[in-house]
Amino acid sequence: MTNSTACRPLILVTGGTGKTGSRIVTRLRQSWHPVRIGSRTATIPFDWDDRGTWAPALNGVYAVYIAYQPDLAVPGAPVAIRSFAAAAKAAGVRKLVLLSGRGEREALECEQIVQDSGLDWTVVRCSFFAQNFSEGAFTDYVLAGEVALPNGDIPEPFVHVDDIADVAVAALTDDAHNGEVYELTGPRALTFAEAVAEIAAATEREVAYIPLSRTDFIAALTEYQVPADVVSLLDYLFGTVLDGRNSKTTDGVRRALGRQPKDFAEYVRDTAVTGIWNTPGQ
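Residues numbered from 1 in each chain as written. Predicted model: local features only at pLDDT ≥ 70, side-chain atom pairs only at ≥ 80, totals over all residues. Heavy atoms only, no water.

Engineer: Would you explain the overall build of the protein in this entry?
Structural biologist: Assigned secondary structure in the protein consists of twelve helices and eight strands. Compactness check: the protein gives a C-alpha radius of gyration of 19 Å against a globular reference of 19 Å for 282 residues, within 12% of the reference. The dimensions of the protein, computed from C-alpha atoms along their principal axes, are 55 × 40 × 35 Å. Relative to all contacts within the protein whose residues are 6 or more apart in sequence, the contacts with residues 24 or more apart total 77%. When the accessible surface of the protein is totalled, it reaches about 12600 Å², and 50% of it is carbon and sulfur. (Helix = DSSP H or I, 4+ residues; strand = E, 2+ residues; numbered from the N terminus. Rg over C-alpha atoms; globule rule 2.2 N^0.38 Å. Contact = heavy atoms within 4.5 Å. Areas by Shrake-Rupley, 256 points an atom, 1.4 Å probe, with all protein chains shown as cover.)

Encoded structure:
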């Protein structure tokens, strides 16, 4: 078996420097698949807000991983996905793999657009990432020792980003996954309070969960000068998606990969040893 990429089709990974995209790029390169990173700073730039970048980024591409920024739930996302799918088809792309959300009306609309595109497709549905506590919006809260969020009593089966990447790579490289909708979760649901307690135990630090109303949550984000579009998105997610509709675990990882999903405890253990949650002096 040769390690050459010469006979393997080119894959475009939009959001190629993000939480899921960067892991997908790494896995594809490790298995000798040619990859084009879709980002504003790439050699061939890609920007969701600049449609003039789409055709060059899609040129010569066989399959695309679609991670829409900032989220499929934002206004205008279905219009962008419809236009992008059409551009991909016009460029000769054969397959689309969409990172979607669980329980979001707008995400379901975008899924249907991809399914109706005339191309091969796979949908990967996810909700809250475990890595949001170490690579996303909640990292600074953990470091500060207080994770102040709404809906702390609603269970959420946090999904490990490595599982998302593994499923996406399988879908991008194996036609056996064409036409599948994989809804991914971790193997158990935890409340945010329980998740924070596991992080506190692993780091041997005082990290408390502080319940907030949505109003106070928005006020706190604004005080921390979080961009208004991010504030709006987080308010939507906590006010709409995190209402219990996604508390049940699913078998998506097992169906796609033939193994069980990674547990939140494994994520916490592996992340704690990196020191990312350590405060000065630890």
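Engineer: Got a minute to help me understand the pattern of salt bridges in this structure?
Structural biologist: This model, assessed by the stated rule, comprises 20 salt bridges. Measuring nitrogen to oxygen at the nearest pair gives 2.8 Å for the salt bridge that ties Arg-259 to Asp-163. With a gap of 96 residues between them, Arg-259 in the loop between helix H11 (252-257) and helix H12 (264-272) and Asp-163 in helix H7 (residues 161-173) connect regions that are remote in the sequence. (Salt bridge = Lys/Arg side-chain N within 4 Å of Asp/Glu carboxyl O.)

Engineer: It is not clear to me how the side chain of His-177 should be interpreted in this structure. Could you clarify?
Structural biologist: The residue His-177 is located in the loop between H7 and strand S7 (181-183) in this model. The contact partners of His-177, leaving out residues within four places of it in the chain, are Trp-121, Thr-122, Ala-170, Ala-171, Tyr-182 and Ala-256.

Engineer: Explain the packing of aromatic side chains to me, please; I cannot follow it from the model alone.
Structural biologist: Each aromatic ring pair is characterised by the separation of its centres together with the angle its planes make. Under the definition given, this model contains 21 aromatic pairs. Here Phe-158 and Phe-192 contribute two aromatic rings whose centre-to-centre distance is 5.1 Å and whose plane-to-plane angle is 90 degrees, an arrangement assigned as edge-to-face. Linking Phe-158 in the loop between strand S6 (146-149) and H7 with Phe-192 in helix H8 (residues 192-203), this pair joins segments that are 34 residues apart in sequence. Under the relative-accessibility criterion, Phe-158 is labelled buried at 3%. For Phe-192, a relative accessible area of 0% gives the class buried. Between the aromatic rings of Phe-192 and Phe-238, the centroid separation amounts to 5.6 Å while the plane-to-plane angle is 45 degrees, which identifies the pairing as tilted. Of the two residues, Phe-192 sits in helix H8 while Phe-238 sits in helix H10 (residues 228-241), which places them 46 residues apart along the sequence. Its relative accessible area of 1% is what places Phe-238 among the buried residues. Each residue in the set Phe-128, Phe-133, Phe-138, Tyr-141, Phe-158, Phe-192, Phe-217, Phe-238, Phe-264, Tyr-267 and Trp-277 is aromatic and connected to the rest through ring pairs, giving one cluster. (Phe/Tyr/Trp six-rings, centres within 6.5 Å; stacked < 30°, edge-to-face > 60°. Buried < 20%, exposed > 50% of the residue type's maximum accessible area, 1.4 Å probe, protein only.)

Engineer: Sorry if this is basic, but what is going on with the sheet that holds strand S3 (residues 61-66) here?
Structural biologist: In a beta sheet, neighbouring strands pair by backbone hydrogen bonds and run either parallel or antiparallel. Strand order across the open sheet formed by six strands is S2-S1-S3-S4-S5-S7, with parallel pairing between neighbours. Each of the sheet's edge strands pairs with one partner strand only, and the pair in question is strand S2 (35-38) and S7. Neighbour-to-neighbour, the strand axes of this sheet turn through a mean angle of 15 degrees, independent of strand direction. Two elements, strand S5 (residues 120-126) and S7, share three bridges in a ladder whose sense is parallel. Paired with Arg-125 across the strands is Glu-183, a residue of S7. Set on the sheet, helix H3 (residues 77-90) makes contact with strand S1 (10-14), S3 and strand S4 (95-101); between it and S3 the angle comes to about 165 degrees. (Pairing = 2+ DSSP bridges. Axes fitted to C-alpha atoms, helices over the stretch in contact; angles between N-to-C directions.)

Engineer: Got a minute to help me understand the nonpolar core in this structure?
Structural biologist: Nonpolar side chains tend toward joint burial in soluble globular proteins. With 62 residues, the main nonpolar core has Phe-133, Phe-192 and Phe-264 as its most contacted residues. Those residues in contact with Phe-133 that sit more than four places away from it in its chain are Phe-138, Thr-139, Val-142, Phe-158, Phe-192, Ala-195, Val-196, Ile-199, Phe-264, Tyr-267 and Trp-277. Counting 27 residues, the second-largest nonpolar core is a separate cluster that includes Val-25, Val-97, Ala-165 and Tyr-182. (Core = buried A, V, L, I, M, F, W, Y, C linked by side-chain atoms within 4.5 Å.)

Engineer: What's the story with the packing of helix H1 (residues 19-30) against H7 in this structure? I'm lost.
Structural biologist: When two helices pack together, their arrangement is given by the angle between the helix axes and the distance between those axes. It is at 9 Å that the axes of H1 and H7 come closest, and there the two elements cross at 55 degrees. Considering the angle they form, H1 stands oblique to H7. For the pair H1 and H7, the sense of crossing is right-handed. Contacts between H1 and H7 involve Lys-19, Thr-20, Arg-23, Ile-24, Arg-27 and Leu-28 from the former and Val-161, Asp-162, Ile-164, Ala-165, Asp-166, Ala-168, Val-169, Leu-172 and Thr-173 from the latter. Residue composition of the contact of H1 with H7, by class: eight nonpolar, two polar and five charged. (Parallel < 35°, antiparallel > 145°, perpendicular 65-115°, else oblique. Left-handed = near helix turned anticlockwise from the far one by under 90°. Nonpolar A, V, L, I, M, F, W, Y, C, P; charged D, E, K, R; others polar.)

Engineer: Looking at this model, I keep getting lost on H1. Mind explaining?
Structural biologist: Residues spaced three or four apart along an α-helix point in a common direction, a consequence of the helix completing one turn every 3.6 residues. Over its twelve residues, H1 extends 17 Å from the first C-alpha to the last, a length consistent with the 16 Å expected when each residue adds 1.5 Å. Of the positions making up H1, those classed as buried are Thr-20, Gly-21, Arg-23, Ile-24, Val-25, Arg-27 and Leu-28. Against S1, S2, S3, S4, helix H5 (132-135) and H7 lie the buried residues of H1. Two residues or fewer after H1 comes Trp-32, characterised by a positive phi angle close to 65 degrees. (Expected span 1.5 Å × (residues − 1).)

Engineer: Just checking my understanding: could you explain the pairing of S2 for this structure?
Structural biologist: Regular strands place their side chains on alternate faces of the sheet. Bridging between S1 and S2 involves four bridges; their strand directions are parallel. Counted as the bridge partner of Thr-14 is Gly-38 from S2.

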